[in-house]
Amino acid sequence: MPGITLGDTVPNLEVETTLDNFKLHDYFANSWTVLFSHPGDFTPVCTTELGAMGKYAHEFEQRGVKLLGLSCDDIQSHKDWTKDIEAFTPGSKVKYPIIADPNKEIIPQLNMVDPLENGPSRALHIVGPDSKIKLSFLYPSTTGRNMDEVLRALDSLLLASKHKNKIATPVNWRRDEPVVISPAVSDEEAKKIFPQGFKTADLPSKKGYMRLADIK
């Protein structure tokens, strides 16, 4: 898929949002950000997703992570739509900013275009404090996102970053479960990083690459 992708710096666009106008790099500074786009206001799947983001807001706040929505309509439309979002998802408060992009000029610059429909996509970038993309999801318009998976992936990214990518998280990993040690880390270094010890799985190849450790 063309456009910015993993490891690329998000362009420092000046955006108009429901809360304020700002440059993206100023918003990303000093924290991680979940940037998510939607095909349009007053659409059913998008309404459920923004409501879920609002309901999960405390989970992101606990992790020190910001939310930033984007939809291809104007500010007044976003504000009117917010009433429906909060009404449909009880307990949801849309306190995060939503970028306006009525001319659809921003979405291609953020690589949030649905190649099947040649229009706005249901995309999500997790952006680091360095304004670089750390993870991207791209869903078709017919499939809503899973917020638990967004959180799970975010937890993995935060933990790996904390430990300078010397660990990784295995399939279906959840918070507080064992992680695997990067193959780039020698056993000697691993013993220093994990003084509590680690377990090496006994596999037929005897290569000793499957090393698991408990870590917080």
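Fair warning: this is a prediction, and the values are worked out from it, not measured in the lab. (Residues numbered from 1 in each chain as written. Predicted model: local features only at pLDDT ≥ 70, side-chain atom pairs only at ≥ 80, totals over all residues. Heavy atoms only, no water.)

**With respect to the overall build of the chain**
Item 1. Each helix and strand in the chain was counted, giving seven helices and 13 strands.
Item 2. By principal-axis analysis of the C-alpha atoms, the chain measures approximately 60 × 35 × 35 Å.
Item 3. Pairs at least 24 residues apart make up 64% of the contacts formed inside the chain by residues separated by at least 6 positions.
Item 4. Summing over all exposed atoms, the chain offers an accessible surface of approximately 11,400 Å²; the carbon and sulfur share of this is 52%.
Item 5. Separation of charge centres in the chain, based on 26 positive and 29 negative side chains, amounts to 9 Å. (Helix = DSSP H or I, 4+ residues; strand = E, 2+ residues; numbered from the N terminus. Contact = heavy atoms within 4.5 Å. Areas by Shrake-Rupley, 256 points an atom, 1.4 Å probe, with all protein chains shown as cover. Lys, Arg positive; Asp, Glu negative; His and termini not counted. Charge placed at Lys NZ, Arg CZ, Asp CG, Glu CD.)

**Some thoughts on a negative patch on the surface**
Item 1. A cluster of acidic residues, Glu16, Asp74, Asp80 and Asp84, forms a negative patch on the protein surface.
Item 2. Relative to the helices and strands, Glu16 resides in strand S1 (residues 14–16). (Patch = residues over 30% accessible without salt bridge, like charges linked within 9 Å, V, L, I, M, F, W, Y side chains within 5 Å. Salt bridge = Lys/Arg side-chain N within 4 Å of Asp/Glu carboxyl O.)

**Some points on the sheet that holds strand S13 (residues 211–213)**
Adjacent strands of a sheet pair through backbone hydrogen bonds, lying either parallel or antiparallel.
Item 1. The strand order across the open sheet formed by four strands is S10-S11-S13-S12, and the pairing between neighbours is antiparallel. Looking at strand neighbours, the two that pair on one side only are strand S10 (167–168) and strand S12 (199–200), the edges of this open sheet.
Item 2. Taken together, the two bridges between strand S11 (residues 179–181) and S13 define a ladder with antiparallel strand orientation. Along S13, the bridge assignment pairs Val179 with Ala213. (Pairing = 2+ DSSP bridges.)

**Re the sheet that holds strand S4 (residues 65–71)**
Item 1. Read across the sheet, five strands follow the order S5-S4-S3-S8-S9 without closing on themselves; strand pairing throughout is mixed. One side of each edge strand has no neighbouring strand; the edge strands of this open sheet are strand S5 (98–100) and strand S9 (133–139). Neighbouring strand axes in the sheet, compared pairwise and without regard to direction, differ in orientation by 20 degrees on average.
Item 2. Pairing of strand S8 (residues 122–127) with S9, which is carried by six bridges, proceeds in the antiparallel orientation. Bridged to Arg122 within S9 is Tyr139.
Item 3. Contacting strand S3 (32–38), S4, S8 and S9, helix H6 (residues 147–162) runs over the sheet at an angle of about 165 degrees to S9. (Axes fitted to C-alpha atoms, helices over the stretch in contact; angles between N-to-C directions.)

**So, the UniProt feature "active site" (unreviewed entry) in the chain**
Item 1. In this structure's numbering, the residues bearing the UniProt feature "active site" (unreviewed entry) are Cys46.
Item 2. Mapped onto the elements, Cys46 comes out in helix H2 (residues 44–55).
Item 3. With relative accessibility at 1%, the residue Cys46 sits in the buried group.
Item 4. Other than its neighbours up to four places away in sequence, Cys46 contacts His38, Pro39, Gly40, Trp81 and Arg122. (UniProt positions renumbered as here; feature names shortened; annotations may be inferred. Buried < 20%, exposed > 50% of the residue type's maximum accessible area, 1.4 Å probe, protein only.)

**Quick look at the pattern of salt bridges**
Item 1. Following the criterion strictly, the structure yields ten salt bridges and no others.
Item 2. One network of salt bridges, with partners in common, ties together Glu59, Arg63, Asp155 and Arg175.

**Some points on the nonpolar core**
Item 1. Counting 26 residues, the largest nonpolar core has Val34, Phe36, Met53, Phe60, Tyr96, Leu124 and Ile126 as the members making the most contacts within it.
Item 2. Within the residue set of this core, elements represented by two or more residues are S3, H2, S4, helix H4 (75–88), S8, S9 and H6.
Item 3. The greatest single-element share of this core, amounting to six residues, is contributed by H6.
Item 4. Excluding residues that lie within four positions of it along the chain, Phe36 makes contacts with Leu50, Met53, Leu67, Leu68, Gly69, Leu70, Tyr96, Met112, Ala123, Leu124 and Arg145.
Item 5. By size, the runner-up hydrophobic cluster in this structure holds 20 residues, among which are Leu24, Leu68, Cys72 and Leu110. (Core = buried A, V, L, I, M, F, W, Y, C linked by side-chain atoms within 4.5 Å.)

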